[in-house]
Protein chains: 2
Amino acid sequence: MKSEILKYLSKYTVITKELENAISESTFIKTFKKGSVLLKEGGISNECYFIIKGCVRSYFLKDGEEKTIEFYTEEQSVVPANYETLKPSEHYLECLEDTIASVGNPKLEKETFQKYPQLESLSRIIAETIILKQQVSFTEFKTSTPEERYLSMLKNRPALHQRVPQHQIASYLGIKPESLSRIRKRIINKK
Amino acid sequence: MKSEILKYLSKYTVITKELENAISESTFIKTFKKGSVLLKEGGISNECYFIIKGCVRSYFLKDGEEKTIEFYTEEQSVVPANYETLKPSEHYLECLEDTIASVGNPKLEKETFQKYPQLESLSRIIAETIILKQQVSFTEFKTSTPEERYLSMLKNRPALHQRVPQHQIASYLGIKPESLSRIRKRIINKK
DNA sequence: CAGTTCCATTGACTTTGGTTAAGTAATCAC
DNA sequence: GTGATTACTTAACCAAAGTCAATGGAACTG
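Residues numbered from 1 in each chain as written. Chains lettered and ligands numbered in written order. Predicted model: local features only at pLDDT ≥ 70, side-chain atom pairs only at ≥ 80, totals over all residues. Heavy atoms only, no water.

K.L.:
Which parts of the structure should I look at to understand the overall build of chain A?
P.N.:
When helices and strands are counted, chain A shows eight helices and eight strands. Structurally, chain A occupies a C-alpha span of about 55 × 35 × 30 Å along its principal axes. A sequence separation of at least 24 residues applies to 71% of the contacts in chain A between residues at least 6 apart. Across chain A, 30 positive and 25 negative side-chain charges occur, with their mean positions spaced 5 Å apart. (Helix = DSSP H or I, 4+ residues; strand = E, 2+ residues; numbered from the N terminus. Contact = heavy atoms within 4.5 Å. Lys, Arg positive; Asp, Glu negative; His and termini not counted. Charge placed at Lys NZ, Arg CZ, Asp CG, Glu CD.)

Here you go:
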């Protein structure tokens, strides 16, 4: 279970004995059944997650509709928007599949970073990488039509399509389910 | 000049003597004339910027059009997407106004973080904060109409509207200049 | 200061997504 | 397994953004 985390970290740095110890000491694995709700609107969040296996969706309600923010799958980190703030959440987090995750909390994080500064340094680098990746996603979204967004999703995260209901994908793409249905039809006819 | 940086950092932590020293030692101020190009397509980037005064726009070319990624103003950090990668840039960075910025580079960063671990810890926290803010922006964008996006921009960054030409704002909002023109007309008529 | 270029606006027309409603297919619960 | 709920598709209609073209004005240049 913990080796998945080391595998992920090895993309960013050389795994030293110290890092291995840091992960081994500071990592708690939890498993969640499909349908589990990790956080609901109004809830206080005290946990963040690194997904080892499974799929978590974050969403919120706007105009009575669920708006999907993100689908988190293997090797992705889920940090609730209100993590560490002690403020009530505006978002939901739910498991779309049985999910295995490493769970962190602010206290544990703090202790671990104090004991293993190398891990905090690595966290900074990873965070900065995530910022750049997010910016790329955002920019692609802004400069694409819904049809292009859908095609790009099929290309970059092909598995999602099998794992997630279509109307949730629609809201993830910022369109209505009916439109996604039409887009799919359009694409088929083009071929 | 450097006090602006401390002012910014004070939003995240208590400014210790150590931090003050770290900033004082590691900060180099540069000024740029309006129209200066900090990075062009194909260029290698070796610098990042913290804007003390002025405005920088990042954009790229797609289908022969400039697509504005971001307008950076006071207290914002500009990290080129290819920073530290040594790969040619797909983006441009240009100063829309005379600009004063603190300039960093990978070597300086590394040395400073080594000497002042506290600063790296702070950087991690700020990076994580930026991730969450980005996610909020992205989500707002996805769940809004172009008109709502424009109104929200007027509300959240009212000064931009005076500082930046309208067709660049249009591309920043992901729409055509003609559409922004019509949206503005619509808004006026509603009042 | 004249000429050019760039920018914002407007109009006619096209394309595409939103809305509403209905019908069919798939899934869930008992 | 059957009924109920939920998910997906289709169609007709509407609203808004894209496209193309033209115009007037502002800003830049020699």
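The structure having been displayed, the exposition proceeds.
K.L.:
What should I look at first to understand the relation of the copies chain A and chain B in this one?
P.N.:
Both copies of the chain are placed relative to one another by a rotation about an axis and a shift along it. Once chain A has been moved 0.0 Å along the axis and rotated by 180°, it coincides with chain B to within an RMSD of 0.0 Å. The operation mapping one copy onto its partner corresponds to a two-fold rotation axis. Among all C-alpha atoms of chain A, that of Arg124 of chain A lies closest to the rotation axis, at 2.2 Å. Both copies share a contact surface, since 100% of the interface residues of chain A are interface residues in chain B too. (Least-squares fit on C-alpha atoms with pLDDT ≥ 70 in both.)

K.L.:
What should I look at first to understand the environment of Glu111 of chain A in this one?
P.N.:
Residues and elements named next belong to chain A. With respect to the helices, strands and loops of the structure, Glu111 is situated in helix 3 (residues 106-115). Residue classification places Glu111 among the partly exposed residues on the basis of a relative accessible area of 43%. In this structure the C-alpha to C-alpha distance between Glu111 and Tyr83, which are 28 residues apart in sequence, comes to 17 Å. (Buried < 20%, exposed > 50% of the residue type's maximum accessible area, 1.4 Å probe, protein only.)

K.L.:
When you look at the protein's contact with DNA strand C in this model, what are you seeing that I'm missing?
P.N.:
Inspection of the region around DNA strand C gives 17 residues, with Ser179, Arg182 and Arg186 of chain A together with Gln166 and Ser181 of chain B positioned closest. Sugar and phosphate atoms represent 70% of those atoms of DNA strand C found within 4 Å of the protein. Contact between DNA strand C and Ser181 of chain B: a phosphate oxygen at 2.9 Å from a side-chain N or O atom of the residue. Among the elements of the structure, helix 8 (177-190) of chain A together with helix 7 (166-172) and helix 8 (177-190) of chain B are those that each provide at least two residues to the surface near DNA strand C. (Near = heavy atom within 4 Å. Polar contact = N/O pair within 3.5 Å; in protein donor to acceptor, adjacent residues only side chain to side chain.)

K.L.:
What is the right way to look at the interface of chain A and chain B in this model?
P.N.:
It is common to report an interface's size as the accessible area lost on association of the parts. Facing 31 residues of chain A, the contacting portion of chain B comprises 31 residues. Interface of chain A and chain B: buried area, both sides summed, is about 2800 Å²; carbon and sulfur atoms make up 58% of it. Inspection of the chain A/chain B interface yields four salt bridges. The closest approach of N and O atoms between Arg124 of chain A and Glu120 of chain B, which form a salt bridge, is 2.6 Å. Residue assignment for the side of chain A that touches chain B shows that the elements contributing at least two residues are strand 4 (56-62), strand 5 (65-72), helix 3 and helix 4 (117-142) of chain A. Considering each element in turn, the side of chain A that touches chain B owes the most residues, 16 residues, to helix 4 of chain A. When the residues that make up the side of chain A that touches chain B are grouped by side-chain class, the tally is 14 nonpolar, ten polar and seven charged. (Buried area = accessible area lost by both parts, 1.4 Å probe. Salt bridge = Lys/Arg side-chain N within 4 Å of Asp/Glu carboxyl O. Nonpolar A, V, L, I, M, F, W, Y, C, P; charged D, E, K, R; others polar.)

K.L.:
In this structure, what is going on with the protein's contact with DNA strand D? I would like to understand it.
P.N.:
Around DNA strand D lies a shell of 17 residues, among which Gln166, His167 and Ser181 of chain A together with Ser179 and Arg186 of chain B are the nearest. One of the backbone nitrogen or oxygen atoms of Lys176 of chain B is found 3.3 Å away from a phosphate oxygen of DNA strand D. Mapped onto the surface near DNA strand D, the elements with two or more residues apiece are helix 7 (166-172) and helix 8 of chain A together with helix 8 of chain B. Among the residues making up the surface near DNA strand D, the classes are represented as four nonpolar, five polar and eight charged.

K.L.:
Hey, could you run me through the layout of surface pockets in this one?
P.N.:
If a probe the size of a water molecule is rolled over the atoms, the empty space left behind becomes visible. Of the volumes computed, that of the second largest pocket is approximately 540 Å³. Mapped by element, the contributors of at least two residues to the lining of the second largest pocket are helix 4 and helix 5 (146-156) of chain A together with strand 4 (56-62), strand 5 (65-72), helix 4 (117-142) and helix 7 of chain B. (1 Å grid on protein atoms, 1.4 Å probe; cavity = no way out; pocket = protein on both sides within 12 Å on 5 of 7 lines; lining within 4 Å. Points joined across faces, edges and corners; volume = space filled by probe spheres on them.)

K.L.:
Where do I start with the sheet that holds strand 3 (residues 48-53) of chain B in this structure?
P.N.:
Adjacent strands of a sheet form backbone hydrogen bonds with each other and so pair up, either parallel or antiparallel. Residue and element names in this part refer to chain B. Strand order in the open sheet formed by four strands is 1-8-3-6, and the pairing between neighbours is antiparallel. Strands at the two margins of the open sheet, each flanked by one partner only, are strand 1 (28-32) and strand 6 (77-78). By the bridge criterion, five bridges tie strand 1 to strand 8 (residues 99-104) in an arrangement that is antiparallel. Paired with Phe32 across the bridge in strand 8 is Thr99. (Pairing = 2+ DSSP bridges.)

K.L.:
Before we go on, may I ask you to explain the pattern of salt bridges in this structure?
P.N.:
Close approach of charged atoms allows side chains of opposite charge to pair. Summed over all chains, the structure comprises 38 salt bridges over all chains. A salt bridge links Lys11 of chain A to Glu75 of chain A, with the nearest nitrogen and oxygen atoms 2.6 Å apart. Taken together, the residues Lys11 of chain A in the loop between helix 1 (2-9) and helix 2 (17-26) and Glu75 of chain A in the loop between strand 5 and strand 6 (77-78) connect sequence positions 64 residues apart. Residue Glu70 of chain B pairs with Arg157 of chain B through a salt bridge whose shortest N-O separation is 3.1 Å.

K.L.:
What am I meant to see in the environment of Ile5 of chain A here?
P.N.:
Residue and element names in this part refer to chain A. Position of Ile5 among the secondary structure elements: in helix 1. Overall, the relative accessible area of 7% leaves Ile5 in the buried class. In the structure, Ile5 is positioned 105 residues away from Lys110 in sequence and 18 Å away in space, judged by C-alpha atoms. Leaving out residues up to four positions away in the same chain, Ile5 has contacts with Ile23, Thr27, Phe50 and Ser102.

K.L.:
Got a minute to help me understand the packing of helix 2 (residues 17-26) of chain B against helix 3 (residues 106-115) of chain B in this structure?
P.N.:
Two quantities define a packed helix pair, namely the angle between the axes and the distance from one axis to the other. Residues and elements named next belong to chain B. Axis separation between helix 2 and helix 3 bottoms out at 11 Å; the angle between their running directions is 160°. Considered as vectors, helix 2 and helix 3 are oriented roughly antiparallel to each other. For helix 2 against helix 3, the interelement crossing comes out right-handed. Touching Glu18, Ala22, Glu25 and Ser26 of helix 2 are Leu108, Thr112 and Lys115, all from helix 3. (Axes fitted to C-alpha atoms, helices over the stretch in contact; angles between N-to-C directions. Parallel < 35°, antiparallel > 145°, perpendicular 65-115°, else oblique. Left-handed = near helix turned anticlockwise from the far one by under 90°.)

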